[in-house]
Amino acid sequence: MTSADTIPTLRIDRISRTLAGRAVVNALSLEVACGEVLGLLGVNGAGKSTTLRMIAGVLSPDSGQVLLGGADLYENPELARRGIGYLPERAPLHAELDVSEFLLFCARLHGLSRGEARVAVRREIERCDLGEVQHRLIGHLSKGFQQRVGIAQALVHKPTLVVLDEPASGLDPVQSLRMRELITELRANHAVLLSTHLLAEAEACCDHIAILHRGVLRHSCRVSQGETARLEQQFLRIAADLEPGTDL
Amino acid sequence: MKTSLVIAGHEWRRLRVQAWPWLLLAAVLALLAWLFLDRLDTYLRLQESTGNAAHVGATAQVAAPVLGWLAILLIVLVPLLGSRAIAGERRVHSLNLLLAAGISDVAIVSGKWLGLCLWLLLLIALTALMPLSLFGTTELDLGRLAANLLALVLQAAMLAAIALYASSLTAQPVLAAAVALLINLLLCVVDLGAREAGVSNSLINWLALPSHFGPLSDGVVASVDLVWFALISGIFLALATRQLAALRGAD
């Protein structure tokens, strides 16, 4: 999904992963460059979260390569992973801490000095609209605010690649809209990879869509206006395991 | 090392802002204070009846029993404090934060271990204030007291390593605490049969915790005991690190 003469921010090359004897991801290859948002679309169980976990370094692939800026994530994991900001499906938060304290820890965890961390936390609190809750305990926040804290922890160390697993899951319509705006803003300085099972969400904020089904990449295309109906047909046909040309 | 310290500081902060570790600390200190006063009362009555004006024996009769009680309480307390370190994070899915942060498994485990040790050091230091409060009014055997405190610190660090390993085995903190408690108890009684048979110098005796804590708390600082504590701590920390690495490849 990048031009041939540029090194993509992220390139995954034929990664596979088996869980509990089932091939959850099978020889999947993808690319995403800075300034792009790639949406990984699929029904529940398609292998989206497993793919993102492998990219984030939480789960190792059985085979294949994950390259961040050309460097193999699993050969030099500690340096490479610092270039990735990851928001899993359930935001990894420490409910007993307040927002500022938690974000400060996340920044320090990614190698920022105390001074740099303070600046970064202020920046992300502003960007993610967390000012009014910055001194409140995370456990006392609404789902929407908790999700924003999750996004802020993924961005606090200025990663080149932002990986978001179902970022709008469980949010109300207003919060979902704000989340889409935030993802669109991220495009300016980051490569963004997000997973969703909602076609409308993928269309609203992605440049490219990759449809995953049973761990296999079934369709990949650039998002263009006016092709919603065709893409929807394609997605439903893949989700229903129908051959091309078969009526739904 | 820097990342380990960041994680240790964070673990300490997480324990600090919650009520239950303080309640646990307060309950243990209250119990030990009661035992301390009871031992002190017995000691003073003994002094009066024997007319020992020099107050000799306060370390053996007051300080050592109180610190010995803490050693016993630690066997139960450390699994309770440490079981959530990894299991609790797995249960609420926040372990992903550390796994995806680009830090090594060794740094994660050592950071969590140091954070837990900091809390236990606070408990030991506060307990040590009780016998130290006798300083100046009686003749304390400071050498023996120091050896006793060293034994406690080494035991606490070892139990923290065991708790961390147990915590890495499951996503259920209660189960992790039970596993850690079982390992602790096993280390305490592993040579029970041998001792009952009159054997006190075999490999099985060497494996048991009392064989190493006992001499240290009696004031005998031998390298074999220090090595034993370091070895057991190291083994369980290595196992916890290995378990964390296995989680990344978990099937």
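Further up the page is the structure itself.
Okay, so let's go over this structure. (Residues numbered from 1 in each chain as written. Chains lettered and ligands numbered in written order. Predicted model: local features only at pLDDT ≥ 70, side-chain atom pairs only at ≥ 80, totals over all residues. Heavy atoms only, no water.)

Quick word on the sheet that holds strand 8 (residues 191–196) of chain A
Residues and elements named next belong to chain A. In plain terms, the rule: Pairing between strands is defined by DSSP: at least two bridges between them are needed. Strands are runs of DSSP state E lasting at least two residues, helices are runs of H or I lasting at least four, and both sets are numbered from the N terminus onward. Note on definitions: angles span 0 to 180 degrees between N-to-C directions of axes, and those axes are lines fitted to C-alpha atoms, for helices only across the stretch in contact.
Ordered by their spatial adjacency, six strands build an open sheet running 6-7-8-3-9-10, and the pairing between neighbours is mixed. Two strands close off the open sheet at either side, each with one partner strand: strand 6 (84–87) and strand 10 (216–222). Taking the axes of each pair of neighbouring strands and ignoring which way they run, one obtains an average angle of 15° across the sheet. Pairing of strand 6 with strand 7 (residues 161–165), which is carried by four bridges, proceeds in the parallel orientation. Paired with Leu87 across the bridge in strand 7 is Leu164.

Describing the packing of helix 6 (residues 105–132) of chain B against helix 7 (residues 142–169) of chain B
All names here are of chain B. Test applied: Here the angle decides the label: under 35 degrees means roughly parallel, over 145 means roughly antiparallel, 65 to 115 means roughly perpendicular, and every other value means oblique. Helix crossings are classified by the rotation of the near helix relative to the far one: an anticlockwise turn of less than a right angle makes the crossing left-handed, while a clockwise turn makes it right-handed. In this analysis, two residues are considered to be in contact whenever any of their non-hydrogen atoms come within 4.5 Å of each other. Each residue gets one of three labels, nonpolar for Ala, Val, Leu, Ile, Met, Phe, Trp, Tyr, Cys and Pro, charged for Asp, Glu, Lys and Arg, and polar for the others, Gly among them.
Where helix 6 contacts helix 7, the two axes come as close as 9 Å, and the packing angle between them is 150°. The pairing of helix 6 with helix 7 is recorded here as roughly antiparallel in orientation. Classified by chirality, the crossing of helix 7 by helix 6 is right-handed. Residues Val109, Lys112, Trp113, Leu116, Cys117, Leu120, Leu121, Ile124, Ala128, Pro131 and Leu132 of helix 6 lie in contact with helix 7, whose contacting residues are Leu145, Leu149, Leu152, Val153, Ala156, Ala157, Ala160, Ala161 and Leu164. Each residue belonging to the contact of helix 6 with helix 7 can be placed in one class, and the counts come to 19 nonpolar, no polar and one charged.

Examining the packing of aromatic side chains
Residue and element names in this part refer to chain B. For the record, the criterion: Ring geometry is summarised as follows: Phe, Tyr and Trp rings, the Trp one being its six-membered ring, pair when their centres sit within 6.5 Å, and such pairs are stacked at plane angles under 30 degrees, edge-to-face over 60 and tilted between the two. In this scheme, a residue with accessible area under 20% of its type's maximum is buried, one over 50% is exposed, and one in between is partly exposed, where area comes from a 1.4 Å probe on protein chains only.
Overall, the coordinates contain four aromatic pairs over all chains when judged by the stated rule. Ring geometry for Trp22 and Trp119: centres 4.8 Å apart, planes at 70°, overall edge-to-face. Residue Trp22 is located in helix 2 (residues 19–50), and its partner Trp119 is located in helix 6; the two are separated by 97 residues in the primary sequence. A relative accessible area of 37% places Trp22 in the partly exposed class. Owing to a relative accessible area of 2%, Trp119 belongs among the buried residues under this scheme. Considering the side-chain rings of Trp228 and Phe229, the 5.0 Å spacing of their centres and the 80° angle between planes classify their relative orientation as edge-to-face. Accessibility expressed as a relative area gives 0% for Trp228, which makes it buried. Judged by its relative accessible area of 1%, Phe229 is buried. Taken together, Trp12, Trp22 and Trp119 form an aromatic cluster joined through their ring pairs.

Some remarks on the interface of chain A and chain B
Accessible area lost during the coming together of the parts is what is often quoted as the interface size. Just so we agree on the cut-off: Put simply, buried area is how much 1.4 Å-probe accessible surface two parts lose in total, over both of them, once they are put together. The salt bridge definition used is simple: a Lys or Arg side-chain nitrogen within 4 Å of an Asp or Glu carboxyl oxygen. Identification of polar contacts relies on pairs of N or O atoms within 3.5 Å, with a donor-acceptor requirement for protein atoms, meaning one able to donate a hydrogen and the other able to accept it, and with residues adjacent in sequence counted only if both atoms are side-chain atoms.
Across the contact, 31 residues belong to chain A and 28 residues belong to chain B. At the boundary of chain A with chain B, total buried surface from both sides reaches about 2500 Å², with 57% on carbon and sulfur atoms. Summed over the shared surface of chain A and chain B, the number is three salt bridges. Of the charged contacts in the structure, one is a salt bridge between Glu101 of chain A and Arg13 of chain B, with a shortest N-O distance of 4.0 Å. Between the two partners, chain A and chain B, sit six residue pairs in polar contact (both at pLDDT 80 or more). At six residues, helix 3 (residues 99–109) of chain A tops the list of elements feeding residues into the side of chain A that touches chain B.

Some remarks on unusual backbone geometry
Residues and elements named next belong to chain A. A positive phi is found at Ala20, a non-glycine position, where the angle reads about 50°. Residue placement: Ala20 occurs in the loop between strand 1 (10–19) and strand 2 (22–32). The exposure class assigned to Ala20 is exposed, which follows from its relative accessible area of 73%.

Comments concerning the nonpolar core
Stated precisely, the cut-off is as follows: Only buried residues count toward a nonpolar core. Its members are Ala, Val, Leu, Ile, Met, Phe, Trp, Tyr and Cys residues joined through side-chain atoms within 4.5 Å. Reported domain spans reflect what an automatic or database domain assignment gives.
Ranked by internal contacts, the top residues of the largest apolar core, which has 155 residues, are Leu130 and Leu161 of chain A together with Leu74 of chain B. In terms of residues, this core owes the most to one element, helix 7 of chain B, which gives 15 residues. Each of domain 1 (1–83 + 160–248) and domain 2 (88–158) of chain A accounts for three or more of the residues forming this core. In contact with Leu130 of chain A, not counting residues within four places along its chain, are Val99, Leu103, Ile125, Phe145, Arg148, Val149 and Ala152 of chain A.

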